[in-house]
Every structure is written in C-alpha cells, then in structure tokens.
Amino acid sequence: MNTLPGRRARTLAATTATAALVLLAGCTSSGSGGSGSKTAAGGVELVKAGRLTTCTHLPYPPFQSEIDGKVQGFDVSLIDLAAKDLGVKQQILDTPFENFKTGAFLNSGECDLAAAGMTITAERKKNVDFSDPYFDATQAVLVDRKSGLTSLADVKSKGRKLGAQAQTTGEDYVKKQGFDPVSFESSDAVLNGLRTGQVQAVVIDYPVVQGWLKNKANAAAFKVVGNLNTGEQYGFTVKKGNAKLLAAVNKAIRDAKADGTYKKLYEQWIGPYQPSAASPSAS
C-alpha cells in the first residue's frame, strides 16, 4: 500500500454506546442469507441477517483501513471470500483493540468474527477460537535516519525513546527485553509518533512498515534497522464454540491458497509474495 489513509472519511452508521462505527467492506454477492434469515449457507448462524459482521480496529494498513470511503485491505479481502461463500455481504464494525483479547464483542453478539491482524497466542485462545493461521508476521525496528540508531539494542544503550502499539505482541516483546515503551493507540499513531519526534524508534509489524515506506518521503526520512522474527502468525477469531463459522472461514483461507487468490491478494496489499506466508503450520 501507499501512504497511510486518513481516518474514516464518512460514517455509514453509528452503533452502540461505545461509539463504534459500522462500515461496509468491499462488495460481495448476496444470496440465501439476504432474505431476512440469520442463517446463512451451511447452517452458519449470523448476528445480522444478510451480513457477516466483522470486528476490527482501524486503521491498520495494509490489513484494514478506509480508502475512498470504504474499508479495504488484506484481511477485508480474505473475509469477503468467506462472506461470498456464505451468500452474504461483509459489514465492518470499528472497535477498540483491547476487546479482541477478551472476545467481548463476539460474546455480546455485536460481531460474528474479528479480523485485526491479530497474533495467535495461547492466552488469547482461552477467550476465542482462532482460524487456521493466514499470515506469518515479523516485527520491524523502524528509526529516524537522523537518530544514528542502528539496532534495537542501540535504542536502549543510547537511551532513546521507543514506541509501540498498546495491547500488541510488539509491545509485549519489547517490554520483555527491558524497555518501557511509549504506548500508542493505533498503528498510524505509532508512525506519527516517530514522524513527529515523540519517539526515535518504533517496533511494529513489518507489513505495516512495508506499506508505509512505499511513500518516498517516508523512505527518505526513516529506515528499518532490524527485523525481529518472533514466530508470530495471524488468525481470525470467532466466539468460542462457533464451529460452523470457523469451518467456513478456514475453508475460505484454504481455497484462496489453493487457487492462487491468496497470492494475488498478498501482492495487491502487502508486496512481493513469499511462499512462507501461506504456510499451514500452526502457531
């Protein structure tokens, strides 16, 4: 992707006292689930008739962000495939990231599933059921070129400020390494913190950095000085015990990898395709 898009250009509908926002994703075909029934193809029960409601946290390019008034990205495109199989359309609910750890919006019936570039962890598995892994992720160490920093260790030894997104595995990782990072609410807040000098380095998911550095001005001012292979894999989540929906999501992932759609979407949203990204191995 190119530069980070602005926050939601238009609100399509407001929902709940949490001030979360509902936005329609890319177009999918409608079918058996669109006639008022909450039961979609394959007997999958949905929280809203004709809609596969997805919780996410915006913006998080290249996985999900608003572009031209519509939520788009790699995660969005993959879940659109599952929605199409179910004969419904995907609808996206923008919610606080912390709810993904607890599965709160899944348990309360606000959403059918969650897609937020979320790492599969044993702790999170206690609260939600994860899909098969759909993406292998690493963490990048991004610094200001004028900072003189050359590594994560350099950040500590020179006493520079490090930033990370709150409630993420990246933040957890640097805390375990003895850092006290400045926490930011979203991925674009992390990058803006680096751009404005609030911090001199950040640890953030590498695919986010890949997209950000496609902008020539960003690439001229900032650089990656480390790539941390933390063994992370992303998964989509459903409410515990929602086996039919989980099976439908897993089928969409498998089919996309088998027929070349996954590769096409990867290259569209992330960059040059790496076969390891489609590895079926479990986290």
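Preceding block: the structure.
Residues numbered from 1 in each chain as written. Predicted model: local features only at pLDDT ≥ 70, side-chain atom pairs only at ≥ 80, totals over all residues. Heavy atoms only, no water.

Undergrad: How would you sum up the overall build of the chain? Please name residues and give values.
TA: From N to C terminus, the chain includes 11 helices and 14 strands. The buried share of the chain, taken over its 283 residues, is 51%. Restricting the contact set of the chain to residue pairs at least 6 apart, pairs at least 24 apart contribute 72%. In the structure as shown, the chain presents an accessible area of about 12000 Å², 51% of it carried by carbon and sulfur atoms. (Helix = DSSP H or I, 4+ residues; strand = E, 2+ residues; numbered from the N terminus. Buried < 20%, exposed > 50% of the residue type's maximum accessible area, 1.4 Å probe, protein only. Contact = heavy atoms within 4.5 Å. Areas by Shrake-Rupley, 256 points an atom, 1.4 Å probe, with all protein chains shown as cover.)

Undergrad: Tell me about the packing of helix H1 (residues 74-86) against helix H11 (residues 261-269), and name the residues and values.
TA: Following both chains from N to C, one finds H1 and H11 inclined at 155°, their axes separated by 9 Å at the closest point. Considering their axes alone, H1 and H11 lie roughly antiparallel with respect to each other. The handedness of the crossing between H1 and H11 is right-handed. Of the residues in H11, those touching H1 at Phe74, Ser77, Leu78 and Leu81 are Thr261, Tyr262, Leu265, Tyr266 and Trp269. Residue composition of the contact of H1 with H11, by class: 7 nonpolar, 2 polar and no charged. (Axes fitted to C-alpha atoms, helices over the stretch in contact; angles between N-to-C directions. Parallel < 35°, antiparallel > 145°, perpendicular 65-115°, else oblique. Left-handed = near helix turned anticlockwise from the far one by under 90°. Nonpolar A, V, L, I, M, F, W, Y, C, P; charged D, E, K, R; others polar.)

Undergrad: I'd love a proper account of the state of the cysteines, names of residues and values included.
TA: In this structure the tally under the stated criterion is 1 disulfide. In this model cysteine 55 forms its disulfide with cysteine 111; the gap between the sulfur atoms is 2.1 Å. Taking the sign of the torsion about the S-S bond as the criterion, the disulfide between cysteine 55 and cysteine 111, at about 70°, is right-handed. Remark: cysteine 111 occurs in the loop between helix H3 (104-107) and strand S7 (113-114) and cysteine 55 occurs in strand S3 (residues 51-56); sequence separation between them is 56 residues. (Disulfide = S-S within 2.5 Å.)

Undergrad: Run through the packing of aromatic side chains, naming residues and quoting values.
TA: Enumeration over the complete set of coordinates arrives at 15 aromatic pairs. Relative to tyrosine 134, the ring of phenylalanine 74 lies with its centre 6.4 Å away and its plane at 35°, an arrangement referred to as tilted. Of this pair, phenylalanine 74 sits in helix H1 while tyrosine 134 sits in the loop between strand S8 (128-130) and strand S9 (135-144), and the two are 60 residues apart along the sequence. By relative accessible area, phenylalanine 74 is classed as buried at 0%. On the numbers, 6.2 Å between centres and 65° between planes, the contact of phenylalanine 74 with phenylalanine 135 is edge-to-face. Of this pair, phenylalanine 74 sits in helix H1 while phenylalanine 135 is found in strand S9, placing the two residues 61 residues apart along the sequence. Take phenylalanine 74 and phenylalanine 135: they sit in the same class, and that class is buried. Here a set of aromatic residues connected by ring pairs shows up, and it is made of Tyr60, Phe63, Phe74, Tyr134, Phe135, Tyr234, Phe236, Tyr262 and Tyr266. Across from the ring centre of tyrosine 262, 5.6 Å away, lies the NZ or CZ of lysine 257, which sits over that ring. (Phe/Tyr/Trp six-rings, centres within 6.5 Å; stacked < 30°, edge-to-face > 60°. Lys NZ or Arg CZ within 6 Å of the ring centre and 35° of its normal.)

Undergrad: So what about the nonpolar core? Which residues, and what values?
TA: Leu52, Phe74 and Phe135 are the most contacted members of the largest nonpolar core, which totals 46 residues. When contributions to this core are tallied by element, the ones reaching two or more residues are H1, S9, helix H7 (187-195), strand S12 (201-205), helix H8 (206-212), strand S13 (222-234), helix H10 (243-259) and H11. The greatest single-element share of this core, amounting to 7 residues, is contributed by H10. Not counting the four nearest positions on each side in its chain, leucine 52 is found in contact with Leu46, Ile79, Ala82, Ala83, Leu86, Val88, Lys89, Gln90, Gln91, Asp112, Leu113 and Leu245. (Core = buried A, V, L, I, M, F, W, Y, C linked by side-chain atoms within 4.5 Å.)

Undergrad: Describe the side chain of asparagine 218, listing the residues and the values that go with them.
TA: On the secondary structure map, asparagine 218 appears in helix H9 (residues 216-221). Not counting residues within four places of it along the chain, the set of residues in contact with asparagine 218 comprises Arg195, Trp212 and Leu213.

Undergrad: How would you explain the packing of H1 against H10 if you had to name every residue and give the values?
TA: Where H1 contacts H10, the axes come no closer than 9 Å and their chain directions differ by 115°. The chirality of how H1 crosses H10 is right-handed. When H1 is examined against H10, the residues Leu78, Leu81, Ala82, Asp85 and Leu86 are found in contact with a partner set consisting of Leu245, Ala248, Val249, Lys251, Ala252 and Ala256. The residue inventory of the contact of H1 with H10, partitioned by class, reads 9 nonpolar, no polar and 2 charged.

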